[in-house]
Amino acid sequence: MSDDRMWKEWSQSAKQSVREKYPFHLEKFEQEVLTKIQSEKRRRRWQVTSWAAGAAVAATFFFQIVQPLDGSLWGLTGAEKGQESFEWITPDEGFMHALKNGYPILPEVKVEKDGFVYQIRDAMVDHRRITFTLLISGEKMEEIARIPDESKRSEMLYGSLRVDLGELKEIGHAPKDFQLIDGVHYLIIAPNYRIDEKKMREFMNQTKPVLPVQIVDMRKKEADEVVAELLLPLPRSVTVAEKAIQPDEEVEAVLETDSLLTRLKVNQIIASPTVMEAELEAALQDGFELYRLENVKLVDGNGKEYPAIDDRINENLEQVRDGDANRVQGSDKYTMQFFPSLFFEDVPEKLELRFDEVSANKSIRENIMLDRNAKYPQSIPFGKKNKLNIEKVYYDKGKLFIVIPNEGPEEINLRVEGQYSKDFIIAENLETVSLTFEVPKQDTYQLEMRGLEFERFPLKGVIPITD
């Protein structure tokens, strides 16, 4: 099918959907839509497949009509249509932006089992993310609420349950809260997951796509026992809502040539309703890899900013992983996530990636001979900047003990004669930590040190994407 024919059929389908809902003729309105469609056709940097283009037309109609459509343009039937606003949680900017632009919240799912009532509310899903509220109530919950021992009650509420979504990756820690609302006690869990796009495709290849939400009780005799499962139906709109922005070929990055970072470019940006994911390609010197870009954001020609999702502590980008979801050491490709999303808008005439500082790291490994009878404390250099401070070394009851200060003891990983430490416990009130190795008694040992070496340097980067 030719491009012209596809665009014509999409526009006719969109107009027909609107007329079914609004039985009147708006020639000027229809012309505006067709003009927008032709404009989209000319913008070849939007690589929009057929299903995404349909969603784009739906978004166009949403902006032009005061009253929102009934959801049919998103692939939702009347039974699939969800509530119009979040009720139990405050969504982040990405989810709220999608909601304001007509992207649906999924209908409630509820199941009763063994005296508990499990409800999923406020669920919003796209290719990249999912958020929802899990409400747990019922007779058993009321019994827990009446337990006089607060520590025992808290353990049952907060320490025993977790929420699993198969192989999907959870972002951060799902907050839990226990509330009395209208005479009913609720345990409220609010997960926020990052979704593997390939895994979501597998879900959507099912005859009736559903997302299995499992509630796991970690206190049961059988380890990690699933005590309840809710099947969250996924409308087709979940996976049809995605676009790709391809950078212009002629744009060039502006970088300082004397820094560790010698090259950085944006390969593409995937725009989903709740988030944008950018794939970056970087080259660094001396075996370093990107760890963070500080104050990173996408900026359009009008100065509008799309900040990266960033907790300001951990790395805000992620290396591309292989098919087994393992980190690819030495990979030059990374992903970053931004919101709000350009999914509902025209691609800007000018779009740039900006940042003002770079953090990089590289994996280092060094071997030394550890003399059990040497004088301690000792300070052993590790890499260019780090050092391993050893307070004491001794052998007792078939084990070698290495005592180090309790100052980030996990930052340098130690192996003695190829053996990892046993029973490594960190306590805040201790001045030192003892690392225990089950090795034969001898005067010297092969000690291997592994860790990361960090570099941080200012660099005002401007990476053009569209011109």
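This text gives an overview of the structure that appears in the document. Each chain has its residues counted from 1, following the order in which its sequence is written. In view of the model being predicted, local features appear only for residues whose pLDDT reaches at least 70, and side-chain atom pairs are presented and counted only at 80 or more, with totals across whole chains, interfaces and linings using the full set of residues. The side-chain numbers reported here are obtained from all heavy atoms of the structure, hydrogens and water having been left aside.

## Side note on the side chain of D217
Inference 1: Relative to the assigned elements, D217 resides in strand β10 (residues 210–217).
Inference 2: Relative accessible area decides the class of each residue, using a 1.4 Å probe on protein chains only: under 20% of the type maximum gives buried, over 50% gives exposed, and in between gives partly exposed. Its relative accessible area of 7% is what places D217 among the buried residues.
Inference 3: Not counting chain neighbours up to four residues away, the residues in contact with D217 comprise S160, L161, D224, E225 and V227. Strands here are runs of E lasting at least two residues and helices are runs of H or I lasting at least four, both read from the DSSP assignment and numbered beginning at the N terminus. By definition, residues are in contact when any of their heavy atoms lie within 4.5 Å.

## Considerations on the sheet that holds strand β24 (residues 399–405)
Inference 1: Here, a strand pair is defined by DSSP locating no fewer than two bridges between the strands. Spatial strand order, β23-β24-β27: three strands in an open sheet with antiparallel pairing. A single partner strand is all that each edge strand has here, and the edge strands are β23 (392–396) and β27 (432–437). On average, each strand axis in the sheet is tilted by 25° relative to the strand beside it, whichever way the strands run. To obtain an axis, a line is fitted to C-alpha atoms, over the contacting stretch when the element is a helix, and the angle between two such axes runs from 0 to 180 degrees between their N-to-C directions.

## Remarks on unusual backbone geometry
Inference 1: Residue P340 is reached from F339 by a cis peptide bond, and omega for that bond is 5°.
Inference 2: With respect to the helices and strands, P340 occurs in the loop between β19 (333–338) and β20 (351–371).
Inference 3: Here the residue pair Y376 and P377 is connected by a cis peptide bond, since its omega of 10° sits within 30 degrees of zero.
Inference 4: Among the secondary structure elements, P377 is positioned in the loop between β20 and β21 (378–382).
Inference 5: The backbone phi angle of D122 is positive, close to 55°, even though this residue is not glycine.
Inference 6: Relative to the helices and strands, D122 resides in strand β3 (residues 116–125).
Inference 7: Take D122: its relative accessible area is 0%, and that puts it in the buried class.

## Structural notes on the environment of V462
Inference 1: The residue V462 is located in strand β28 (residues 444–466) in this model.
Inference 2: Judged by relative accessible area, which is 28%, V462 ranks as partly exposed.

## What about the packing of aromatic side chains?
Inference 1: What counts as a ring pair is set by centres within 6.5 Å for rings of Phe, Tyr and Trp (its six-membered ring), and what kind of pair is set by the plane angle: stacked under 30 degrees, edge-to-face over 60, tilted for all other angles. Throughout the structure, instances matching the rule amount to six aromatic pairs.
Inference 2: When the centroid spacing of 5.2 Å and the interplanar angle of 85° are considered together, the rings of Y291 and F454 count as edge-to-face. Of this pair, Y291 sits in strand β15 (residues 289–294) while F454 is found in strand β28, placing the two residues 163 residues apart along the sequence.
Inference 3: Under the relative-accessibility criterion, F454 is labelled partly exposed at 39%.
Inference 4: A positively charged side chain is recorded as over a ring if its NZ (Lys) or CZ (Arg) lies within 6 Å of the ring centre. The angle to the ring normal must also be within 35 degrees. A cation sits over an aromatic face here: K243 above F343, 4.9 Å from the ring centre.

## A short note on helix α4 (residues 93–100)
Inference 1: Regarding α4, the residues found buried are G94, F95, H97, A98 and L99.
Inference 2: In this structure, the buried side of α4 is in contact with β3, β4 (129–137) and β9 (192–194).
Inference 3: Polar contact is the term for a pair of N or O atoms within 3.5 Å; when the atoms are in protein, one must be able to donate a hydrogen and the other to accept it, and sequence-neighboring residues count only if both atoms are side-chain atoms. For α4, the N-terminal cap is D92; the gap from its side-chain oxygen to the backbone nitrogen of G94 is 3.0 Å.
Inference 4: Trailing α4 by a residue or two, G102 shows a phi angle of about 90°, which is positive.

## Description of the nonpolar core
Inference 1: Among buried residues, those of type Ala, Val, Leu, Ile, Met, Phe, Trp, Tyr and Cys that are joined through side-chain atoms within 4.5 Å constitute a nonpolar core. Membership of the largest hydrophobic core comes to 85 residues, with the highest contact counts inside it found for F132, L261, L264, L290, L293, L353 and F355.
Inference 2: It is β3 that contributes the most residues to this core, six residues altogether.
Inference 3: Those residues in contact with F132 that lie beyond four places of it in its chain are I120, R121, D122, A123, V163, L165, I189, A190, P191, Y193 and V213.

## Let's talk about the side chain of E281
Inference 1: As for its position among the elements, E281 is in strand β14 (residues 276–284).
Inference 2: Taking the relative accessible area as the measure of exposure, E281 reaches 14% and is therefore buried.
Inference 3: For E281, the side chain forms a polar contact with the side chain of R263, separated by 3.5 Å.
Inference 4: Within the structure, E281 has its side chain in polar contact with the side chain of N267 (distance 3.1 Å).

## Points about the sheet that holds strand β11 (residues 225–233)
Inference 1: Read from one edge of the open sheet, three strands run β5-β10-β11, paired in antiparallel fashion. On the outer flanks of this sheet lie β5 (161–164) and β11, each paired with one strand and no other. With strand direction ignored, the average angle separating the axes of adjacent strands in the sheet is 20°.
Inference 2: Bridge count between β5 and β10: four bridges; the pairing is antiparallel. Looking at the pairing, V163 lines up with I215 of β10.

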